[in-house]
Amino acid sequence: MASSTGLCHGTSRSSLWLPLDLVLEDAMDGSQVTATSAMEIITGVIKALQAINGTTWHDTFLGLWIAALRLVQRERDPIEGPVPRLDTRLCLLLSITTLVVANLITEDEEHTSELECNSTNHWKEKRTPGKRRNDLVSSLQILGEYHGLLSPPQSVVSVANQAAAKAMMFVSGINVGNGYFDCVGMNDIPISCSGSMHHLIVEACIARNLLDTSAYFWPGYVNGRINQIPHNVPSQLPAWSQFMKGAPLTPLLTNTLVSIPASSLAELEKLFEVALKGSYDERMYAATILCGASLLRGWNIQEYAVDFITRLLCLPVPAYYSGSDSEFIGCAPLLNTLIVGISSVDCVQIFSLHGMVPQLAGSLMPICEVFGSCVPNVTWTLTTGEEISAHAVFSNAFTLLLKLWRFNHPPLEHGVGEVPPVGSQLTPEYLLLVRNSKILSSKNTDRNKRRNSHSVTVPSSSSSLHPVFLDSFPKLKLWYRQHQACIASTLTGLIHGTPVHQIVDGLLNMMFRRINRGSLSLNSVNSASSNSSGTGLSSEDVSSSPKLPAWDILEAVPFVVDAALTACAHGRLSPRELATGLKDLADFLPASLATIVSYFSAEVTRGVWKPVFMNGSDWPSPAANLSNVEGQIRKIVAATGVDVPSLASGGSSPATLPIPLAAFVSLTITYKIDKASERFLTLAGPALESLAAGCPWPCMPIVASLWTQKAKRWSDFLIFSASRTVFLQNRDAVVQLLKSCFTTTLSHNGSVGALLGHGFGSHFNGGISPVAPGILYLRVYRSIRDIMFVTEEIVSLLMQSVRDIGLSRLFGETKLEKMRYGHISLAKAMTQVKLAASLAASLVWLSGGLGLVQSLIKETLPSWFISVHRSDLDGLGGGMVAMLGGYALGYFAVLSGAFAWGVDSTSSASKRRQKVLGAHMEFLARALDGQISLGCDWATWRAYVSGFVSLLVGCTPNWVLEVDINVLKRLSKGLRQWNEEELALSLLGIGGAGTMGAAAEMIIESDL
């Protein structure tokens, strides 16, 4: 474990890149995937920080590598649970970050080439060819000195050692293939080959042609040289070499290739070809290999593995299939193997990081449509001997599809202005819209570009290249509309004698057949009672279960659950019988768990169900460890200053839960914690947490107590999840958490370690400890229903921080008089102000995305300037504080906009910039014209306008070109009245041809 000192190495520089650390850590939240690739997001952030902070590309690349390394070190030994683990963090460091760097270097070199080729343009940018590439090299050389960050996690020590051994053999003049290092132990090499994360980063850059092998000769990169090949190097070809030489895929070779990532695109392409054209067994083996180590840790070719899997999910009918059904039917075993292979939390998050969620959703929807419409009267045997039916394929595909959006949340949440709500963006329609947009974009891209050695373009899919819409999947659309209706209003529409009614009746009979009262129906279940229980469907039960298409069953499930829950609420069905019946339903059709989640989530929010006592007889009891959970929660939130309500409210009476929540948690704890159940628990888990978090305190701690009794190795995850709900019960707690983020950051001079911590869990020395406030906020904000109030609180906290900075409280000074005599450096104060503003901008952007930033610039800031703000600092440095406040708001506004829109026009969000920025500039111009009465301090207003315009001119000149010419002229006139002639002239100078005349007039007047 790296020491805290090592993790904070370079703290003085880290404050510049604090937003980047927040963005990287935010990408690790497995509660929601994104439709935009992490590469695109991080590239935008890097460009914004580089432009606005004015850093060199050497420092920018170094800051990026250090932030990504901190991300890995922060959770090098992560807690257990249904959350992204180390593989996701390594993906971001060794694949995504490398792609970001490659993208920036390619952009630089293409731009340089265009300038050199433009013979008619006599103006040339002062840029040497390959400048960014040279800066990358120098940054990686310096990176090797950050030893505290470079210690590899235990799971990749052997890979790091192999990278070091490869470099050592190269500089020693010994040439062996990459595959041989998988067969050689480090003990076989006579010199120590202790590898580090530095070796893995360099190897990743070499693999993408960002560096060449001259890096192996950098001082200190290798420990020495050897004179001969190690004796234990095998004479037999390594596994991937055997495969490339034509060896057939056998179970033995498959097992080896599953555990060793492919090292080249050629290996993956051949594997993809086998999956398309091989025999039945070969196709199955190829699919299994693709979803193995090549996907999880094939960092140099990971984006291709992700793409090939997505394309295979849309593959055409195999040559050996002669049936007349949908082409998907004959591919059932292959499709199921792929779907199960990518259903883990880490795999889903890796797809998300590479921006392939929309394409994956588009591939899964037709699979769900087809297999959900099949009667399960045919089974297929996998190469493992397992038999699967259409229900199994459908359930696996449907469960994975639902993980790609927050399906169990209300459809209208986090609404912000004109932009689609943040929480509801990842709907099926939205994902298809993004998918269709990417397909259209790829058609306009040179397909040969991906073969360019520097290209980072993800290979285009050979699946459907045509837009698809939700109407293309009528069964899925019908379920989705029913799901939305279930959330929006109480359950209605079941008509006696209809097919749906008959299915409901049949499912109830199947679920409660063990109740020894003969056949049950929709009506009789409400009058039945029994004390029997079951442990799951027997083979006889399954054989007598309804043979119906999955979509028909899902349509009936809400009515089934409603009938069963009503019977239990009225005492006509015991809680144990209810849980057993629901588990039987989920075992019969695992996809029904999604509709059960949907129903329970909706019913809890209605508040019409009475609570039940979790007393250990009727319902499971949390009493065994509830007090321990309370103590652990208090420890976790201790650093924030937030009070945790006592869980013992009500004295010695047993804990209570609303009956839908009690039923749901009782159902989930019937699942085993194993690989087979994991893909369903990762669907139910976030829904259970969301459901419990929406209930009164202490519902979530009770749920966590029950689950920690079931899965002790998940206890850290469960207790941390419970601690998050402390902030969801009370707005004041969220404000206090935000205040803690500002205080911690500023009092530690921007230390990333102070804000985000160094890991969490009971396995650390001392057990559970307070969690850093930044981590808590990043794991809380997505569940805040009314996110709008966060912006106003962040602005308020920013201004309070500026006040404290101006009064030297964060510098350790004790007498305000010291400020009057210059004992506090203005430069130091400005540095702290910029740090506070960058934290504020990061939190606003992360909390609400584009919509919240645009609301900030268009509404919140103008309202703040118009409002009256009282100050008690007259005569005590109030002027300095007011000025710092204006500069803070200017930096905050521009940086927020840069994060949301980008500093250039390459992102789709930049198309929204002109309208919002134009409105804000119009506000500034009107205020300067005297048309708007301001309530803020005049020094604050002047500093804001000057700082805002200066940043536009110096850092984002492209933005100025989008502003109306007349507005620019009015702004320039107002600045001249403040004797800001140089700034006024600069504004006109970059405003385009339309402002050139006004600029010339200003120059002439100045000369006169």
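Whatever comes next refers back to the structure up there.
Residues numbered from 1 in each chain as written. Predicted model: local features only at pLDDT ≥ 70, side-chain atom pairs only at ≥ 80, totals over all residues. Heavy atoms only, no water.

Student: Break down the overall build of the protein for me, with residues and values.
Tutor: A count of helices and strands for the protein gives 45 helices and four strands. For the protein, buried positions account for 57% of its 1008 residues. The contacts in the protein between residues at least 6 apart in sequence include a share of 78% that link residues at least 24 apart. (Helix = DSSP H or I, 4+ residues; strand = E, 2+ residues; numbered from the N terminus. Buried < 20%, exposed > 50% of the residue type's maximum accessible area, 1.4 Å probe, protein only. Contact = heavy atoms within 4.5 Å.)

Student: An account of unusual backbone geometry is requested, with residue identities and associated values reported.
Tutor: The omega angle of the peptide bond from Trp697 to Pro698 is 10°, so this bond is cis rather than trans. Structurally, Pro698 can be placed in the loop between helix H30 (675–693) and helix H31 (699–710). Of note in the backbone geometry, Asn209 takes a positive phi value of approximately 60° without being a glycine. Take Asn209: it is sitting in the loop between helix H10 (197–207) and helix H11 (239–244).

Student: Report on H30, specifying residues and quantitative values.
Tutor: With 19 residues, H30 should reach 27 Å at 1.5 Å per residue; the first-to-last C-alpha distance of 27 Å fits that figure. The element H30 is largely enclosed, with a buried count of 14 among its 19 residues. (Expected span 1.5 Å × (residues − 1).)

Student: Give me helix H7 (residues 131–143): which residues, what numbers.
Tutor: Within an α-helix, residues lying three or four positions from one another point in the same direction, as the helix has 3.6 residues per turn. Compared with an ideal rise of 1.5 Å per residue, which puts 13 residues at 18 Å, H7 spans 18 Å between its outermost C-alpha atoms and is within 8% of the ideal. Turning to H7, its buried residues are Arg132, Arg133, Asp135, Leu136, Ser139, Leu140 and Leu143. Along the long axis of H7, the arc covered by the buried residues comes to 155°, so they all point the same way. (Arc of directions from axis to C-beta.)

Student: Could you give an account of the side chain of Thr427, naming the residues involved and the relevant values?
Tutor: Within the element layout of this structure, Thr427 appears in the loop between helix H20 (390–402) and helix H21 (428–443). Not counting residues up to four positions away in its chain, the partners in contact with Thr427 are Trp405 and Tyr480.

Student: Explain the pattern of salt bridges to me, and be specific about the residues and the numbers.
Tutor: Within this structure, the stated rule accounts for 28 salt bridges. Through salt bridges that share partners, Asp21, Glu25, Arg70, Arg74, Arg89 and Arg779 make up one connected network. (Salt bridge = Lys/Arg side-chain N within 4 Å of Asp/Glu carboxyl O.)

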